[in-house]
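The residues making up each chain are set out below.
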There are 2 protein chains.
Amino acid sequence: MPEKWFVYMQNQPIGIFDSGLGGLTAMSEIQRLLPDEDFVYFGDTARIPYGTRSRPVIEKYSMQDCKFLLSKGVKAILIACGTVSSNALDLLEGSFSLPIIGVIEGAAGRAAEIAEAGNGIVCVLGTEATIKSNSFVNAVNKINPHLKVISKSCPMFVPLVENGYTNKDNIAANAIADEYLSEIALQKPSAVILGCTHYPLLADVIGNYLPDSALIDSGREAALILKEKLSASGLLTGSGRGNTEYYTSDDITLFASLAKRFLGSDISMNTYKTDIENFS
Amino acid sequence: MPEKWFVYMQNQPIGIFDSGLGGLTAMSEIQRLLPDEDFVYFGDTARIPYGTRSRPVIEKYSMQDCKFLLSKGVKAILIACGTVSSNALDLLEGSFSLPIIGVIEGAAGRAAEIAEAGNGIVCVLGTEATIKSNSFVNAVNKINPHLKVISKSCPMFVPLVENGYTNKDNIAANAIADEYLSEIALQKPSAVILGCTHYPLLADVIGNYLPDSALIDSGREAALILKEKLSASGLLTGSGRGNTEYYTSDDITLFASLAKRFLGSDISMNTYKTDIENFS
């Protein structure tokens with residue numbers, strides 16, 4: 001790699017994308033770990049949710065998402081979305097030459113570690129498309145085939161989070177969590193992977209039904225792996241700007257106001273719109 | 001209009017579209033009213049929901065939806081979607097020369113009629129984009145400016161319906177309906193417009209909180225108006241085939257299995273896929 005180009009790349013931003021706002025939980029984590037880096041976040045709010053769609057649609061949308069981030073000159077991409085990580089990681093890695101990190105690897109590693117020290121049972125919670133792909137199950141069993149991995153799709157969790165039903169005592173959220181989790185709780189899994197980046201915001205409610213399990217934030221684990229990989233390949237910047245630009249495929253005001261729920265701060269001044277369907 | 005072309009048009013199908021499956025409630029109604037007509041239904045399941053998106057996105061998507069139906073040679077279009085009817089009807093009517101019917105007009109007329117005979121209060125329930133547009137409020141007050149029209153956006157109702165939480169006694173559905181409707185119930189509106197075509201499936205739950213109100217199915221009212229208009233312009237067929245083709249922008253199997261929840265029958269043999277983004 002020519003030296004000049006390498007220095008140029010070091011100073012380029014890291015790209016992060018999700019179907020919408022869930023990825024902001026991973027974003028916060030990577031910003032905390034790498035405060036000197038610049039970031040470009042894309043939330044595909046015009047086409048959210050991804051988790052109920054078929055694999056070909058998820059593949060098509062995530063190819064466009066990556067092409068958009070590449071147009072912003074990113075040096076690496078964090079797929080802050082369990083559904084895309086589960087259904088399109090191989091396609092994306094095969095299509096682009098920069099480092100691309102999904103949320104499967106890190107969470108599977110952490111879960112295996114905890115379950116090995118515990119009762120050997122891992123549970124995966126995710127969207128329908130994520131659970132159908134068996135991505136987390138395969139990743140955990142690749143590390144240790146003796147671990148028992150159970151999984152459950154929780155299609156109502158994303159709408160609950162997006163509409164702010166995240167309070168520990170919320171009746172609707174608890175009724176739905178009860179339906180999804182009460183049978184699983186009987187097995188007392190040592191580790192529970194929150195396989196969708198929206199789910200950490202529901203951790204209090206989920207914890208009501210799985211009090212004996214360690215909840216693993218898949219976005220947080222991915223952020224740790226991204227830091228390691230960029231550091232190992234010398235791609236971290238020394239310039240110390242720490243800027244973040246946010247892009248949405250739908251309305252800026254709508255995006256910024258919902259993002260406040262995830263980030264606690266107002267990002268409307270740094271939010272821009274892009275027409276994602278142009279990137280094909 | 002040349003006679004030959006007119007006869008050709010009479011035998012063309014009626015187009016119906018929605019962001020997804022909600023419009024099937026209106027579809028069933030129009031099939032019942034016009035058993036001899038052919039229909040082409042398009043559900044944009046690759047981009048559902050529309051109701052949380054901004055007006056420009058809704059306009060863009062619905063223009064593509066109409067262009068797809070026109071490619072199937074339809075003689076009229078029923079917009080079986082409260083969000084599109086509220087945000088894009090004028091645009092669509094201005095862009096295409098065939099009859100286009102939305103769900104506002106009929107429901108507003110029926111609500112005004114009932115409220116005039118009752119306590120003069122109408123309530124509109126709809127998606128965020130529908131309520132923000134004030135479409136139903138304006139339509140009711142255009143008929144009678146003395147009627148009081150209150151409105152409420154119910155963003156969780158679509159995910160509840162799509163995930164089958166429609167039972168009269170469902171805890172989560174009732175908790176959410178309680179939150180949306182308990183204050184409105186104090187005013188005992190004579191007429192409540194179900195301004196989203198998903199909502200009729202939640203009528204039992206909604207009825208728990210509004211026992212004194214007549215619930216108006218906006219898709220059903222639109223079907224009645226469509227029948228009237230086609231009949232008045234001589235555009236009803238006499239050929240008596242009664243075929244329906246279903247198109248989805250995502251997976252056929254997924255669409256057909258969810259459609260069963262709305263229609264009670266298996267339509268997988270008559271369901272096809274289309275790439276909606278090609279129609280621009």
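Residues numbered from 1 in each chain as written. Chains lettered and ligands numbered in written order. Predicted model: local features only at pLDDT ≥ 70, side-chain atom pairs only at ≥ 80, totals over all residues. Heavy atoms only, no water.

Participant: Give a description of the relation of the copies chain A and chain B that names residues and reports values.
Facilitator: Note on the copies: chain A fits chain B at an RMSD of 0.0 Å, the axial shift is 0.0 Å, and the rotation between them is 180°. Here the two chains are linked by the operation of a two-fold rotation axis. Considering only C-alpha atoms, the residue of chain A closest to the rotation axis is Ala-172 of chain A, which sits at 2.0 Å. (Least-squares fit on C-alpha atoms with pLDDT ≥ 70 in both.)

Participant: Give a detailed account of the nonpolar core, specifying residues and quantitative values.
Facilitator: Counting residues in hydrophobic clusters, the biggest one holds 149 residues, and the most contacted among them are Leu-125 and Phe-157 of chain A together with Leu-125 and Phe-157 of chain B. The element best represented in this core is helix H9 (residues 171-185) of chain A, accounting for 8 residues. Other than its neighbours up to four places away in sequence, Phe-157 of chain B contacts Ile-176, Ala-177, Tyr-180, Leu-181, Tyr-199, Leu-202 and Ile-206 of chain B. (Core = buried A, V, L, I, M, F, W, Y, C linked by side-chain atoms within 4.5 Å. Buried < 20%, exposed > 50% of the residue type's maximum accessible area, 1.4 Å probe, protein only. Helix = DSSP H or I, 4+ residues; strand = E, 2+ residues; numbered from the N terminus. Contact = heavy atoms within 4.5 Å.)

Participant: Break down helix H11 (residues 218-232) of chain A for me, with residues and values.
Facilitator: Note on helix geometry: an α-helix contains 3.6 residues per turn, so any two residues three or four positions apart are oriented the same way. Residue and element names in this part refer to chain A. In this model H11 runs 21 Å from its N-terminal to its C-terminal C-alpha over 15 residues, within 8% of the 21 Å that 1.5 Å per residue would give. Every buried residue of H11 is listed here: Ser-218, Gly-219, Glu-221, Ala-222, Ala-223, Ile-225, Leu-226 and Leu-230. Sitting at the amino-terminal end of H11 is Asp-217, which places a side-chain oxygen 3.0 Å from the backbone nitrogen of Gly-219. Count one or two residues on from H11 and you reach Gly-234, which has phi positive near 70°. (Expected span 1.5 Å × (residues − 1). Polar contact = N/O pair within 3.5 Å; in protein donor to acceptor, adjacent residues only side chain to side chain.)

Participant: Break down the interface of chain A and chain B for me, with residues and values.
Facilitator: Counting from both sides, the interface comprises 31 residues of chain A and, opposite them, 30 residues of chain B. Carbon and sulfur atoms supply 48% of the area that chain A and chain B bury against each other, a total of about 2,300 Å² over both sides. For chain A, the biggest contributors to the area lost against chain B are Met-156, Tyr-165 and Glu-277 of chain A; these three give 23% of the whole. Linking chain A to chain B there are 6 salt bridges. A salt bridge links Lys-60 of chain B to Asp-275 of chain A; the nearest nitrogen and oxygen atoms lie 3.2 Å apart. Within the residue set of the side of chain A that touches chain B, elements represented by two or more residues are helix H3 (55-71), helix H8 (157-162) and H9 of chain A. Per-element tally for the side of chain A that touches chain B: the top contributor is H9 of chain A, with 6 residues. For the side of chain A that touches chain B, a count of residues per class yields 16 nonpolar, 6 polar and 9 charged. (Buried area = accessible area lost by both parts, 1.4 Å probe. Salt bridge = Lys/Arg side-chain N within 4 Å of Asp/Glu carboxyl O. Nonpolar A, V, L, I, M, F, W, Y, C, P; charged D, E, K, R; others polar.)

Participant: Give a detailed account of the state of the cysteines, specifying residues and quantitative values.
Facilitator: Residue and element names in this part refer to chain A. Under the defined criterion, the tally for this structure stands at 0 disulfides over all chains. Cys-123 takes part in no disulfide bond, and the closest cysteine sulfur to it belongs to Cys-154, at a distance of 7.6 Å. Given the relative accessible area of 0%, Cys-123 is considered buried. Lacking any disulfide linkage, Cys-196 is separated from the closest cysteine sulfur, that of Cys-81, by 6.9 Å. Classification of Cys-196 by relative accessible area gives buried; the value is 7%. (Disulfide = S-S within 2.5 Å.)

Participant: Could you give me a rundown of the sheet that holds strand E10 (residues 271-273) of chain A, with the residues and numbers involved?
Facilitator: Residues and elements named next belong to chain A. If you walk across this open sheet you meet the 6 strands as E4-E3-E1-E2-E9-E10, and the pairing is parallel. Edge strands, defined here as strands with exactly one partner in the open sheet, are strand E4 (100-101) and E10. Bridge count between strand E1 (residues 14-18) and strand E3 (residues 76-79): 4 bridges; the pairing is parallel. By the bridge assignment for E3, Ile-16 is matched with Leu-78. Contacts from helix H4 (residues 82-95) reach E1, E3 and E4 within the one sheet, and its direction differs from that of E3 by about 155°. (Pairing = 2+ DSSP bridges. Axes fitted to C-alpha atoms, helices over the stretch in contact; angles between N-to-C directions.)

Participant: For the pairing of strand E7 (residues 191-194) of chain A, give the residues involved together with the corresponding values.
Facilitator: Residue and element names in this part refer to chain A. Burial along E7 is two-sided: the face carrying Ala-191 and Ile-193 and the face carrying Val-192 and Leu-194 are both buried. Taken together, the 4 bridges between strand E5 (residues 121-126) and E7 define a ladder with parallel strand orientation. Residue Val-122 lies in a different strand from E7, and its bridge partner there is Ala-191. Where E7 lies against strand E8 (residues 214-217), 4 bridges are found, and the strand directions are parallel. If you follow Leu-194 over to E8, its bridge partner there is Asp-217.

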